[in-house]
Amino acid sequence: MSSDVMISAQGIGKAYALNASPLRQMLAQFRPARRTDDFWALRPLDLTVRRGEVIGVIGQNGSGKSTLLQLLCNTLNPSCGKVQVNGRLAALLELGAGFNLDFTGWENIRLSAALYGLSHAETEQKIGAIAAFADIGDFIDKPVKTYSSGMFVRLAFAVIANIDADILVIDEALAVGDVFFTQKCMRFLQSFAEKGTILFVSHDSASVVSLCNRAILLEHGMLLADGDPKTITEYYLQKQYFHQQPQTEQAPVKTGDSAVNQGEFGLKGLSVQTVSVLDSAGEPVFQLHGATSLCLNIQIMAHQDTAHPLVGFSLKDRLGQVMFGGNSADAQGHLPALQAGQSLQVEFDLTVPGLTLGDYMISVAVGEGNARNHLMHHWIHDAYALHSTLTVQSGMLEIPVDRMRHHLLSTL
Ligand SMILES: Nc1ncnc2c1ncn2[C@@H]1O[C@H](COP(=O)(O)OP(=O)(O)OP(=O)(O)O)[C@@H](O)[C@H]1O
């Protein structure tokens, strides 16, 4: 295996025997052969994870994300295939996995460190940092069976964050505690991502886009798409809409297919005809030089009678992180019912803050219903491009300070 390859999985899959007795189910863990009525939690797939990759694993509930990561971590026996790991892999996949409930926090740190292959001297050198990261006060002296789930997560995350792992495998659902701990975990993951390799199960497209440089999408135990996070999360959004509403034709998409981002989707009972961004003089805008007032015009057409049209937009940076968005329902301006053949121009007046230097895209959509519950008729990714020339000193947005005051509070 090349030294650049951190994980190489070939043909790994996991099948469970359906309607089998407990004994058969237990035996099935150890048998490679499968019956045709087995349920495939993960269909056989190949996956190569390279050094420095930060991979977001996304997919609906039950799509096989945890199964895939457990197979890669070797905490679940595959029904077929094999996995090779290059380096120290640390995982946070199951609450309390690897902990002894009767041991104290200190004892469990030592136990986990030993399981990860740290020497006694290395463990003693790191144990203070691990306890400090966990920050659970006197509970560190108590058996972990007395811990809240948040304390379990704190201790488990503190261990994997401090053992000099080469690869981290994390289920984001577990990596949550209170807001301060979550922020601490995210800061750690962002700095780890600069040099390490991460696989990370998430239900949140925004964190995949902001943290990852690769994403894979699973559906019904199959690897459906693999590519850059922006493309894959947009495709996932499209899939979610198709799950929720009556099916129209969808082009089949293969793994690695460059056409994964089909650009637009929807039922097409309504369609977006034109999108433009105008300044106060009514001139088209393609460049932003700071905070400015703009008018986003979206013209839609009805191909069928529609009682409650809904028009929305979002502005994203080049990675696909949503900077802001809105829709006609938020704007308190209910749109009129439309008859087939009618067109409607919807104008959103926006005060756009200064955006840091870079390229931005506006995605637009027209649906039917309300903001929470609607049929998607036409969604266009990246319908309009803007470039910002502004250099923001700190952060992504420039929000000018209107006024500053100061008050001397004490005198010597
Ligand atoms: N021990 C088991 N026996 C039978 N089926 C199982 C077993 N473990 C998991 N499955 C099934 O395998 C499928 C994939 O499960 P998995 O936990 O990998 O999904 P997931 O994508 O991680 O879901 P979630 O987002 O809900 O955590 C599911 O349909 C699940 O019900």
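What comes next concerns the included structure. Everything numeric here is computed off the predicted structure, so don't read it as measured data.

Looking only at helices and strands, one finds eight helices and 20 strands in the protein chain. By residue count, 46% of the 412 residues in the protein chain fall in the buried class. For the protein chain, long-range pairs separated by at least 24 residues make up 72% of all intrachain contacts whose partners lie at least 6 apart in sequence. When the accessible surface of the protein chain is summed, it comes to about 21,100 Å², and 53% of that surface belongs to carbon and sulfur atoms.

Take the site of the ligand next. Near the ligand you find Tyr 16, Phe 39, Ala 41, Gln 60, Asn 61, Gly 62, Ser 63, Gly 64, Lys 65, Ser 66, Thr 67 and His 203, and these make up its full shell. Within the contact set of the ligand, an oxygen atom lies 3.0 Å away from a backbone nitrogen or oxygen of Gly 64. Interatomic distance of 2.7 Å between a side-chain N/O atom of Lys 65 and an oxygen atom of the ligand. Taken by itself the ligand offers 640 Å² of open surface, and the protein chains cover 58% of this.

With that settled, consider the packing of helix 5 (residues 149-162) against helix 6 (residues 179-193). Two elements in contact, helix 5 and helix 6, have axes whose closest approach is 12 Å; the angle formed by their N-to-C orientations is 15°. Relative to helix 6, helix 5 is oriented roughly parallel. Remark: the crossing between helix 5 and helix 6 carries left-handed chirality. Contacts between helix 5 and helix 6 pair Val 153, Arg 154, Phe 157 and Ala 161 from the former with Phe 181, Cys 185, Phe 188 and Leu 189 from the latter. Grouping the constituent residues of the contact of helix 5 with helix 6 by class yields seven nonpolar, no polar and one charged.

Taken in spatial order, the three strands line up as 11-13-16 in an open sheet, and their pairing is antiparallel. Of all the strands in the sheet, just strand 11 (270-278) and strand 16 (343-352) have a single pairing partner and so form its edges. Direction aside, neighbouring strands of the sheet carry axes that sit 20° apart on average. Pairing analysis gives 10 bridges linking strand 13 (residues 292-302) to strand 16, with the strands arranged antiparallel.

Before going further, it helps to spend a moment on unusual backbone geometry. Non-glycine residue Asp 164 carries a positive phi angle of around 55°. Relative to the assigned elements, Asp 164 resides in the loop between helix 5 and strand 6 (167-171). Residue Lys 268 is not a glycine yet carries a positive backbone phi of 65°. Along the chain, the position of Lys 268 falls in the loop between strand 10 (264-265) and strand 11. Judged by relative accessible area, Lys 268 falls into the partly exposed class, the value being 39%.

Another point: the sheet that holds strand 7 (residues 197-201). Sheet architecture is open: six strands sit in the order 5-6-7-3-8-9, paired in mixed fashion. Each of the sheet's edge strands pairs with one partner strand only, and the pair in question is strand 5 (89-92) and strand 9 (222-227). Geometrically, the sheet is characterised by an average inter-axis angle of 15° between neighbouring strands, direction not taken into account. With five bridges connecting them, strand 6 and strand 7 associate as parallel partners. Among the inter-strand pairings, Leu 168 is bridged to a residue of strand 7, identified as Ile 198. Each of strand 5 and strand 6 touches helix 5; the most contacted strand, strand 5, lies at about 165° to it.

On to the layout of surface pockets, then. Here the largest pocket defines a volume of roughly 630 Å³. As for the largest pocket, its lining consists of 34 residues, of which Leu 237, Tyr 241, Ser 314, Val 322 and Trp 379 are closest to the centre. Where the lining of the largest pocket is concerned, the elements lending two or more residues are helix 7 (205-211), helix 8 (229-244), strand 14 (309-317), strand 15 (322-327), strand 18 (358-369) and strand 19 (374-388). Per-element tally for the lining of the largest pocket: the top contributor is helix 8, with seven residues. For the lining of the largest pocket, a count of residues per class yields 15 nonpolar, 15 polar and four charged. When residues of the lining of the largest pocket are sorted by domain, at least three fall in each of domain 1 (5-231) and domain 2 (267-388). Of the voids in this model, the second largest pocket is the one considered here, and its volume is about 390 Å³. As for the second largest pocket, its lining consists of 18 residues, of which Thr 75, Ala 91, Ala 97, Gly 98 and Tyr 116 are closest to the centre. Where the lining of the second largest pocket is concerned, the elements lending two or more residues are strand 5, helix 3 (105-115) and helix 5.

Calculation rules
Residues numbered from 1 in each chain as written. Predicted model: local features only at pLDDT ≥ 70, side-chain atom pairs only at ≥ 80, totals over all residues. Heavy atoms only, no water. Helix = DSSP H or I, 4+ residues; strand = E, 2+ residues; numbered from the N terminus. Buried < 20%, exposed > 50% of the residue type's maximum accessible area, 1.4 Å probe, protein only. Contact = heavy atoms within 4.5 Å. Areas by Shrake-Rupley, 256 points an atom, 1.4 Å probe, with all protein chains shown as cover. Near = heavy atom within 4 Å. Polar contact = N/O pair within 3.5 Å; in protein donor to acceptor, adjacent residues only side chain to side chain. Axes fitted to C-alpha atoms, helices over the stretch in contact; angles between N-to-C directions. Parallel < 35°, antiparallel > 145°, perpendicular 65-115°, else oblique. Left-handed = near helix turned anticlockwise from the far one by under 90°. Nonpolar A, V, L, I, M, F, W, Y, C, P; charged D, E, K, R; others polar. Pairing = 2+ DSSP bridges. 1 Å grid on protein atoms, 1.4 Å probe; cavity = no way out; pocket = protein on both sides within 12 Å on 5 of 7 lines; lining within 4 Å. Points joined across faces, edges and corners; volume = space filled by probe spheres on them. Domains from an automatic or database assignment.

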